[in-house]
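Residue strings, one per chain:
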Amino acid sequence: MDKEPLLLVSSDADGRSGQPQSLPQPQSQPQAPLHSPFKKLMAALFYAVCSLLITIVNKSVLTSYRFPSFQVLAFGQMMTTIIVLYASKKCRVVDFPDLSSRTLYDISPLPLIYLGNMVFGLGGTKELSLPMFTMLRRFSILMTMVGEYYVLSVRPKLPVKISVGLMVLGAVIAASNDLGFNLAGYVFVLISDVMTASNGVFTKKSLVNQEMGKYGIMFYCALFMAPFSLYLIWQTGDVDSALAYPNWLHIPFILQFLLSCIMGFILNYSVMLCTQYNSALTTTIIGCLKNILVTYLGMFIGGDYIFSMANFVGINLSVIGSIVYTYVTFRPTKSGSAQKVGLDQVRIITHK
């Protein structure tokens, strides 16, 4: 016999099947999917803007004003995160679980990754020119893709692999002819790349499997690592260097130092938001994509970029790879949205 039209089966309070009903109109659906394309795009753009601003501000504080300690600046960003989130929790603006004996276990190894990413990232910002810093940061994309494969079992598609290959190849070409080579800066940034990749992968895993939430992860990562950070800057003598810094009464420097601390908190929030709505790989690549602007601005900001043709070509090749990935990731897919509606919102049967 011929099949009858598709019907939606309703259930009563006891869970028993009721009478077949017509499919509801689109406006009667309860709500849009949580991770809608619009939310994904807005989270990515928010992170890109925050990452762009804090890179420029940090570069100004550490290079233009020659602030002697990137570790002190990292500690200031940690303390800002702790103070803002604690005050927000007390005022019931945000909510996250109270400290318990399982808290450290629930978010491990994120606190150690959080500290390493912040410290080595700022160290690389201080030691390298902005264009070279942003190019070497692209290695975190490859590391994130590998981490997603082994930790989250995510298998990237061919267009994603090609775009990532372009970004990394461009970074290699640019770094191979870097006339301002700085070994310490290269080591700092590559360690930061490992930390960034690990942070993205394990943050995504924690947001999916834990009840801590993004605010809890941010707060406890900063809380657990702040004492270690303070001990580190005390032992290295950075506290004395920072206290002896002559520009503490210079208003423009103070404003930019405070802005860097505040932006550190906002950046961490934007990372959590982008990772929650997108993949860890997308968050990492968006962090590099915003560097299209930073890369070219960096040729004029800071005064430490040395031009060479190979370096310039590598930078542009890496930028092209970033644009390709953005197109592949955020282009609309009609079939995907139709399948999601069919799986998540209705249950249909056919009658023969």
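Residues numbered from 1 in each chain as written. Predicted model: local features only at pLDDT ≥ 70, side-chain atom pairs only at ≥ 80, totals over all residues. Heavy atoms only, no water.

K.L.:
Sorry if this is basic, but what is going on with the overall build of the protein chain here?
P.N.:
A tally of regular secondary structure across the protein chain gives 15 helices and 3 strands. Looking at the protein chain as a whole, 45% of its 352 residues qualify as buried. Look at the contacts in the protein chain between residues 6 or more apart in sequence, and 85% of them connect residues 24 or more apart. Taken as a whole, the protein chain presents about 18,700 Å² of accessible surface, with 65% of it coming from carbon and sulfur. (Helix = DSSP H or I, 4+ residues; strand = E, 2+ residues; numbered from the N terminus. Buried < 20%, exposed > 50% of the residue type's maximum accessible area, 1.4 Å probe, protein only. Contact = heavy atoms within 4.5 Å. Areas by Shrake-Rupley, 256 points an atom, 1.4 Å probe, with all protein chains shown as cover.)

K.L.:
Please clarify how the packing of aromatic side chains should be interpreted in this entry.
P.N.:
Per the counting criterion, the structure on display carries 19 aromatic pairs. Each ring, one from F253 and one from F257, has its centre 5.9 Å from the other, and the planes form 45 degrees; the classification is tilted. On the criterion of helical spacing, the pair formed by F253 and F257 is a turn pair, its members being 4 residues apart in helix 11 (residues 251-277). Grouping aromatic residues by their ring pairs yields a cluster made of Y65, F67, Y245, W248, F253 and F257. (Phe/Tyr/Trp six-rings, centres within 6.5 Å; stacked < 30°, edge-to-face > 60°.)

K.L.:
Just to check I follow, could you spell out the environment of R66 for this structure?
P.N.:
Take R66: it is sitting in the loop between helix 1 (37-64) and helix 2 (70-90). Judged by its relative accessible area of 68%, R66 falls in the exposed class.

K.L.:
I'm lost on empty space enclosed by the protein in this one. Help?
P.N.:
For the structure on display, the rule yields 2 cavities of 30 Å³ or more. Roughly 660 Å³ of volume is contained in the largest cavity. Grouping the constituent residues of the lining of the largest cavity by class yields 12 nonpolar, 19 polar and 2 charged. (1 Å grid on protein atoms, 1.4 Å probe; cavity = no way out; pocket = protein on both sides within 12 Å on 5 of 7 lines; lining within 4 Å. Points joined across faces, edges and corners; volume = space filled by probe spheres on them. Nonpolar A, V, L, I, M, F, W, Y, C, P; charged D, E, K, R; others polar.)

K.L.:
What exactly am I supposed to notice about the environment of D95 here?
P.N.:
Of note, D95 is situated in the loop between helix 2 and helix 3 (103-107). Under the relative-accessibility criterion, D95 is labelled exposed at 64%. In the structure, D95 is positioned 10 residues away from L85 in sequence and 9.0 Å away in space, judged by C-alpha atoms.

K.L.:
How should the side chain of K214 be read in this particular structure?
P.N.:
Looking at the secondary structure, you find K214 in helix 9 (residues 213-235). Summary of buried charges: K214 has no salt-bridge partner, and the nearest side chain of opposite charge, D95, is 12 Å away. Among the polar contacts made by the side chain of K214, one reaches the side chain of Q276 at a distance of 3.3 Å. Those residues within four positions of K214 in sequence are excluded, and the remaining contacts are L207, Y269, M272, L273 and Q276. (Lys, Arg positive; Asp, Glu negative; His and termini not counted. Salt bridge = Lys/Arg side-chain N within 4 Å of Asp/Glu carboxyl O. Polar contact = N/O pair within 3.5 Å; in protein donor to acceptor, adjacent residues only side chain to side chain.)

K.L.:
Is there a simple way to explain the pattern of salt bridges in this structure?
P.N.:
If charged atoms from side chains of opposite charge come close, those side chains can pair. For the coordinates displayed, the defined rule picks out 3 salt bridges. Among the salt bridges present, the one from K89 reaches D95, with a minimum N-O distance of 3.7 Å. When the shortest N-O distance is used, the salt bridge between R102 and D106 registers 3.2 Å. Assessed through its relative accessible area of 46%, R102 is described here as partly exposed. Sharing partners across several salt bridges, the network here consists of K89, D95 and D98.

K.L.:
Before we go on, may I ask you to explain the confidence of the model for the protein chain in this structure?
P.N.:
Detailed reading of the predicted coordinates is not advisable wherever pLDDT is low. The share of residues in the protein chain with pLDDT of 70 or more is 75%, and the mean pLDDT across the chain is 76. The weakest mean pLDDT in the protein chain belongs to strand 3 (residues 348-349) at 36; the strongest belongs to helix 2 at 93. Overall, residues 1-34 carries pLDDT values under 50, and its contacts beyond four positions in sequence, including any with other chains, amount to 43 contacts. Here residues 335-352 scores under 50 on pLDDT; set against residues more than four positions off or in separate chains, the count is 27 contacts. (pLDDT = per-residue confidence, 0-100.)

K.L.:
Even after reading the chapter, I still don't get the environment of M309, so can you show me in this structure?
P.N.:
By the secondary structure assignment, M309 is in helix 14 (residues 309-330). Through-space distance from the C-alpha of M309 to that of A174 is 9.0 Å; in sequence the pair is 135 residues apart.

K.L.:
What should I look at first to understand unusual backbone geometry in this one?
P.N.:
Trans peptide bonds make up most of the peptide bonds, and negative phi angles are found at most residues other than glycine. Following S108, the chain continues to P109 via a peptide bond in cis, the omega torsion being 5 degrees. Relative to the assigned elements, P109 resides in the loop between helix 3 and helix 4 (110-127). Positive phi is not limited to glycine here, since R92 has a value of about 60 degrees. Here R92 shows up in the loop between helix 2 and helix 3. According to the relative accessible area criterion, R92 is exposed, its value standing at 78%. Backbone geometry places S153, a non-glycine residue, at a positive phi of 60 degrees. By secondary structure assignment, the location of S153 is in the loop between helix 6 (139-151) and helix 7 (158-176). By relative accessible area, which is 59% here, S153 ends up exposed.

K.L.:
Honestly, the nonpolar core in this entry has me stumped. Any pointers?
P.N.:
Where a protein is soluble and globular, its nonpolar side chains tend to be buried together. Counting residues in hydrophobic clusters, the biggest one holds 42 residues, and the most contacted among them are F67 and I217. Contributions of two or more residues to this core are made by helix 1, helix 2, helix 4, helix 9, helix 10 (238-243) and helix 11. Sorting elements by how many residues they give to this core places helix 9 first, with 10 residues. Those residues within four positions of I217 in sequence are excluded, and the remaining contacts are I107, L110, S206, L207, M212 and M272. L128, I141, M145 and V328 belong to the second-largest nonpolar core, a separate cluster that totals 21 residues. (Core = buried A, V, L, I, M, F, W, Y, C linked by side-chain atoms within 4.5 Å.)

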